[in-house]
Structures are given as C-alpha cells and as structure tokens.
Amino acid sequence: MRIVTWNVNSVRSFRGRFKSVLDSFDADIVCLQETKLNRNGLEEEFAVPEGYDAFYAFSDSVSGYSGVATFASRTRSKFAVPLRGEAGLLGSLGAEMTFHESDGFTEEELVTMDMEGRVMVTDHGPFLLINVYVPSTGSLERFDFKLRFCLALQRRIEAMRAAGLVERFQETCSLDFRASGPAEDT
C-alpha cells in the first residue's frame, strides 16, 4: 500500500490537470493538506476525480482557508477504498470522543477547532487513516490553539484505542505539523 501526503497550498493551481496530478503519485491513497477549497465552490474536477473516492474537510470559519482531502484509488487496492469517512476531531468514527476533566476543553473550543477543516478520518477496513493539517503558530494565541488542537487529536486517537480499535485497526496518520525553528535556523 502506497500512501502519499502533501501540503499543496491550494489545489486550484492544478485546475485542468488535477486527475493527472493524483495519478502521477502512483499511490493507493493521496492525502492533501491546505486545499483551500470551500464546500459551495467545489468544482467537479476536484469533487469527483475519475477513479477516486474523495473525502473533504472544509473550513467553515473562513472561505478558502486550510482544509484537507483524502483521495482513495478505486483500482489499486481493495484496502484503499474507504468504507466511510468523517471530518473533524469530534466525530464518532471509530470511537466517541472522551476528554479528561483536567483538559478543560469547552464545547465551543472543540467546535471552533473543527470549523477550520483540519481533520479527515477514513475507515479503510483494516486501518483508519487520519489526515491532519495542524494549525500554524503566527501568534501566541495561535500557539496555544495549536497545542490544544494537538491535545484534542491525541484524545481522539486515545478514544479509538480505548474502544478496542487497535485490535481491529492499525491507525495511520498523515500529518502536516507546520514545525519550524527560529529564523536564524532557516
């Protein structure tokens, strides 16, 4: 099984040739981060590329912001085709979310995280795939948001394990952590 992940910084740059870009990876599954598409303006070329099942998480907070997509080839492997998919950290695919009281998450905080369209979970039978685009840290407020987001992701994975899914599934994460060092290191 070949899984490819790529931060594309907008799929619109592939307009008119998107399927050929997907095919060029020769992959069973392609995970894209930072698609910058919105639900209302999704063009057919991106929504249903021939030969692929497509699963999107869109930003509901800002149009043309963040977003992830998972494309599974219908022809390469019987395990590539997802049985179902679900956008967000709060979903129940695999297991209901549970949080430690000490985490201090509010429902509003968790909904805000999911509104940015940063997580898509797909169930492929023998494994769950979690396609994640981690928030950037342009300010102290966003740094705190990023840490909370990562903790919520950790809790989602722990919930899947607690539900006994590790016995049934292997979980696979496709992540863009958006990590960078100080300017003098670049």
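Look up a bit, the structure's there.
Just so you know, these numbers come straight off a predicted model, no measurement behind them.

Rules used in this analysis
Residues numbered from 1 in each chain as written. Predicted model: local features only at pLDDT ≥ 70, side-chain atom pairs only at ≥ 80, totals over all residues. Heavy atoms only, no water. Helix = DSSP H or I, 4+ residues; strand = E, 2+ residues; numbered from the N terminus. Buried < 20%, exposed > 50% of the residue type's maximum accessible area, 1.4 Å probe, protein only. Phe/Tyr/Trp six-rings, centres within 6.5 Å; stacked < 30°, edge-to-face > 60°.

A. Representation of unusual backbone geometry within the structure. Positive phi outside glycine occurs at Lys 36, with the angle close to 60°. Structurally, Lys 36 is set in the loop between strand S2 (29–33) and helix H2 (44–47). Residue Lys 36 is classed as partly exposed on the basis of its relative accessible area of 23%. One non-glycine residue with positive phi stands out, namely Ser 66, at about 45°. Relative to the assigned elements, Ser 66 resides in the loop between strand S3 (52–57) and strand S4 (68–73). Judged by relative accessible area, Ser 66 falls into the buried class, the value being 3%.

B. The arrangement of the packing of aromatic side chains in detail. Applying the stated rule across the entire model yields six aromatic pairs. Ring plane angle 75° and centroid distance 5.6 Å describe the contact between Trp 6 and Phe 25, whose orientation is recorded as edge-to-face. Placement of the pair is Trp 6 in strand S1 (residues 3–7) and Phe 25 in the loop between helix H1 (18–24) and S2, with a sequence separation of 19 residues. Look at Phe 25 and you get buried, because its relative accessible area is 18%. Summarising the aromatic geometry, the rings of Phe 18 and Phe 71 are spaced 5.3 Å apart at their centres and angled 70° between planes, so their arrangement reads as edge-to-face. Of this pair, Phe 18 sits in helix H1 while Phe 71 sits in strand S4, and the two are 53 residues apart along the sequence. Of the two residues, Phe 18 and Phe 71, both sit in the buried class. By way of ring pairs, the aromatic residues Phe 18, Phe 46, Tyr 56, Phe 58 and Phe 71 are connected into one cluster.

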